[in-house]
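Tertiary structure, described
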Amino acid sequence: MKVSDDLFSYEVKVSHVSANPISVKISADAADCKRLARQWRVPEVLSFEAELELGRWKRDGVRVKGRVTSAIVQDCVVTLDPVKQQIEEDLEAVFLPENSRLAKRTLDGNGEMFLDPDGPDLPEVFSGDSIDVGAFAAEFAALSIDEYPRKEGLDFADRIESDSSSDKKPSPFAVLKGLKRDESAG
């Protein structure tokens, strides 16, 4: 396992991936969980695991698919009490070497790239002889983190932040009406 810039990482050499898919299981130890907590900016990562299958895609690409699971603790946005979140996500991507002709982005006549929202995702590009499947799995799990975690059972029914009578803005003509009364009195 390679640690660069204190980010979670697990690299796999592309030369070890053949037409017959290989299985890779990643399980974070205590130091990795602390690294992920800093990377994801959460108070605590209790566990992180990824079960991946890597196989060749076309001539020089690698298809990665599998499942990532993680348990994290965050602060409730209302009470600041700890809130546990379970992450379970399926993932799939194709990785291509940066010099592959399949990795080239096609542009239309205006120099813009067309992306089909219902089409397949664009391939990921890697350089060198390895793919960092750990960083890919960690990034995928990070996308599933609830940005506004709330403690279970929290109810806002008894709180009134505003009502319609206090929300009404005074008419801009009310000021003029007050000025007119002052002039007529004098």
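This report concerns the structure included in the present document. None of the values given here were measured: they were computed from a predicted structure. (Residues numbered from 1 in each chain as written. Predicted model: local features only at pLDDT ≥ 70, side-chain atom pairs only at ≥ 80, totals over all residues. Heavy atoms only, no water.)

Bridge count between strand β3 (residues 44-57) and strand β4 (residues 61-75): 13 bridges; the pairing is antiparallel. If you follow Glu49 over to β4, its bridge partner there is Thr69. Connecting β3 to the next strand, β4, in antiparallel fashion are three residues, including Lys58 with a positive phi near 55 degrees. One ladder, built from 14 bridges, connects β4 with strand β5 (residues 82-97); its direction is antiparallel. (Pairing = 2+ DSSP bridges. Helix = DSSP H or I, 4+ residues; strand = E, 2+ residues; numbered from the N terminus.)

Counting residues in hydrophobic clusters, the biggest one holds 33 residues, and the most contacted among them are Trp40, Phe48, Leu54 and Val64. Elements with a minimum of two residues in this core: β2 (22-27), α1 (30-40), β3, β4, β5 and α2 (133-142). Setting aside residues up to four positions removed in sequence, Phe48 forms contacts with Phe8, Ile26, Ser27, Ala28, Leu36, Trp40, Val68, Thr69, Ser70, Ala137, Ala138 and Ala141. (Core = buried A, V, L, I, M, F, W, Y, C linked by side-chain atoms within 4.5 Å. Buried < 20%, exposed > 50% of the residue type's maximum accessible area, 1.4 Å probe, protein only. Contact = heavy atoms within 4.5 Å.)

A complete count under the given rule lists four aromatic pairs for this structure. Plain terms: the ring middles of Phe8 and Phe48 are 5.2 Å apart, the flat faces sit at 75 degrees to each other, and that makes the pair edge-to-face. Residue Phe8 is found in the segment before β1 (11-13), and its partner Phe48 is found in strand β3; the two are separated by 40 residues along the sequence. Seen from their ring centres, Phe95 and Phe136 are 5.4 Å apart, and the 85 degrees between their planes marks the pair as edge-to-face. Taken together, the positions of Phe95 in strand β5 and Phe136 in helix α2 put the pair 41 residues apart, joining distant regions of the chain. Phe136 shares its class with Phe95; the two are buried. A network of ring pairs unites the aromatic residues Phe8, Trp40 and Phe48 as a single cluster. (Phe/Tyr/Trp six-rings, centres within 6.5 Å; stacked < 30°, edge-to-face > 60°.)

On to the sheet that holds β4, then. With respect to topology, five strands assemble into an open sheet ordered β2-β3-β4-β5-β6, the strand pairing being mixed. Looking at the sheet topology across the chains shown, the edges are occupied by β2 and β6 (124-126). For this sheet the average axis-to-axis angle between neighbouring strands, irrespective of direction, equals 25 degrees. Of the pairings in the sheet, the one linking β2 to β3 comprises six bridges and is antiparallel in character. Bridge assignment links Ile22 to a residue of β3, and that residue is Leu54. (Axes fitted to C-alpha atoms, helices over the stretch in contact; angles between N-to-C directions.)

Another aspect to go through is the side chain of Ser9. Note on placement: Ser9 falls in the segment before β1. Residue classification places Ser9 among the buried positions, given a relative accessible area of 2%. At 2.7 Å, the side chain of Ser9 forms a polar contact with the side chain of Asp132. (Polar contact = N/O pair within 3.5 Å; in protein donor to acceptor, adjacent residues only side chain to side chain.)

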